Amino acid sequence: GGGKNRQHLGAATVTASGPGRVWTLSRDSFDSILSVPAGAKKIGRLGSVALLANFIAGPAIASMPGLARDAGWLAVALTQAAAAMMGCACSLMLLEAIRQMPGNRNFEQRIEFANLLRFYFPREVHVLMLLCYHLNAMLSLTSLIVQAARTLDFVMLGTQGCSPGLDLVDLRYVCGAREG
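Residues numbered from 1 in each chain as written. Predicted model: local features only at pLDDT ≥ 70, side-chain atom pairs only at ≥ 80, totals over all residues. Heavy atoms only, no water.

**Q** What's the story with the overall build of the protein chain in this structure? I'm lost.
**A** Per the secondary structure count, the protein chain includes six helices and five strands. Its helices and strands in sequence order give the protein chain the pattern β-β-β-α-α-α-α-α-α-β-β, from N to C terminus. Looking at the protein chain as a whole, 15% of its 180 residues are labelled buried. Total accessible area on the protein chain stands at roughly 13500 Å², and carbon and sulfur atoms take up 67% of it. (Helix = DSSP H or I, 4+ residues; strand = E, 2+ residues; numbered from the N terminus. Buried < 20%, exposed > 50% of the residue type's maximum accessible area, 1.4 Å probe, protein only. Areas by Shrake-Rupley, 256 points an atom, 1.4 Å probe, with all protein chains shown as cover.)

**Q** Honestly, the packing of helix α5 (residues 113-120) against helix α6 (residues 123-160) in this entry has me stumped. Any pointers?
**A** What describes two packed helices is the angle between their axes and the distance between those same axes. For the pair α5 and α6, the least separation of the axes is 9 Å and the interaxial angle reads 150°. On the basis of their axis angle, the class for α5 and α6 is roughly antiparallel. Our pair here, α5 against α6, has a crossing hand that is right-handed. Across the interface between the two elements, F113, A114, L117 and R118 of α5 pack against H126, M129, L130 and Y133 of α6. Its residues assigned to classes, the contact of α5 with α6 shows six nonpolar, one polar and one charged. (Axes fitted to C-alpha atoms, helices over the stretch in contact; angles between N-to-C directions. Parallel < 35°, antiparallel > 145°, perpendicular 65-115°, else oblique. Left-handed = near helix turned anticlockwise from the far one by under 90°. Contact = heavy atoms within 4.5 Å. Nonpolar A, V, L, I, M, F, W, Y, C, P; charged D, E, K, R; others polar.)

**Q** Looking at this structure, how should I read the side chain of H126?
**A** As for its placement among the helices and strands, H126 is situated in helix α6. With near-sequence residues (within four places) excluded, H126 lies in contact with A114, L117, R118 and F121.

**Q** Teacher, can you tell me more about the packing of aromatic side chains here?
**A** Where two aromatic rings form a pair, the distance of their centres and the angle of their planes describe that pair. For the coordinates displayed, the defined rule picks out two aromatic pairs. Taking the centre distance of 5.5 Å and the plane angle of 45° together, the rings of F113 and Y133 count as tilted. Placement of the pair is F113 in helix α5 and Y133 in helix α6, with a sequence separation of 20 residues. Exposure remark for F113: the relative accessible area of 36% places this residue in the partly exposed category. Assessed through its relative accessible area of 37%, Y133 is described here as partly exposed. Ring plane angle 85° and centroid distance 5.0 Å describe the contact between F119 and Y120, whose orientation is recorded as edge-to-face. For Y120, a relative accessible area of 23% translates into the label partly exposed. (Phe/Tyr/Trp six-rings, centres within 6.5 Å; stacked < 30°, edge-to-face > 60°.)

Below is the structure:
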């Protein structure tokens, strides 16, 4: 597989080698590049689990009943199982990439995704990957907001008989009702 990584304990440099590349950084440079600022906020275990669940299921969770109705429960279950297996494989590869970073053989450091990209990829690729990641997160959150608003519209429609809104052309309050 990959190259050999080594850390000189107590030494002033960190050396890592991979296929075709050798890096040598001063210990201070390495720590400043890959460390999390002292005042950084932590999301905790519950926050981590909530983010993980949202990124795994995300906007697709609202469409699961319709998919099961149209394609059948077995097709949905098999697709979810295949996605879970691919997710596990990707997670294991990500963990190994984190583990191969100098001085992190036993996960002694807190390595963020951005640090990982910065270490393994040239600046242009690392910036492009971060942009893709953030774009994906924004699109997923936008989709979840739209789904939540749609659900509230249906609740209001079911309980009040109309769904309130704002007519942006005439700048007036409207109450939309289901037709048909």
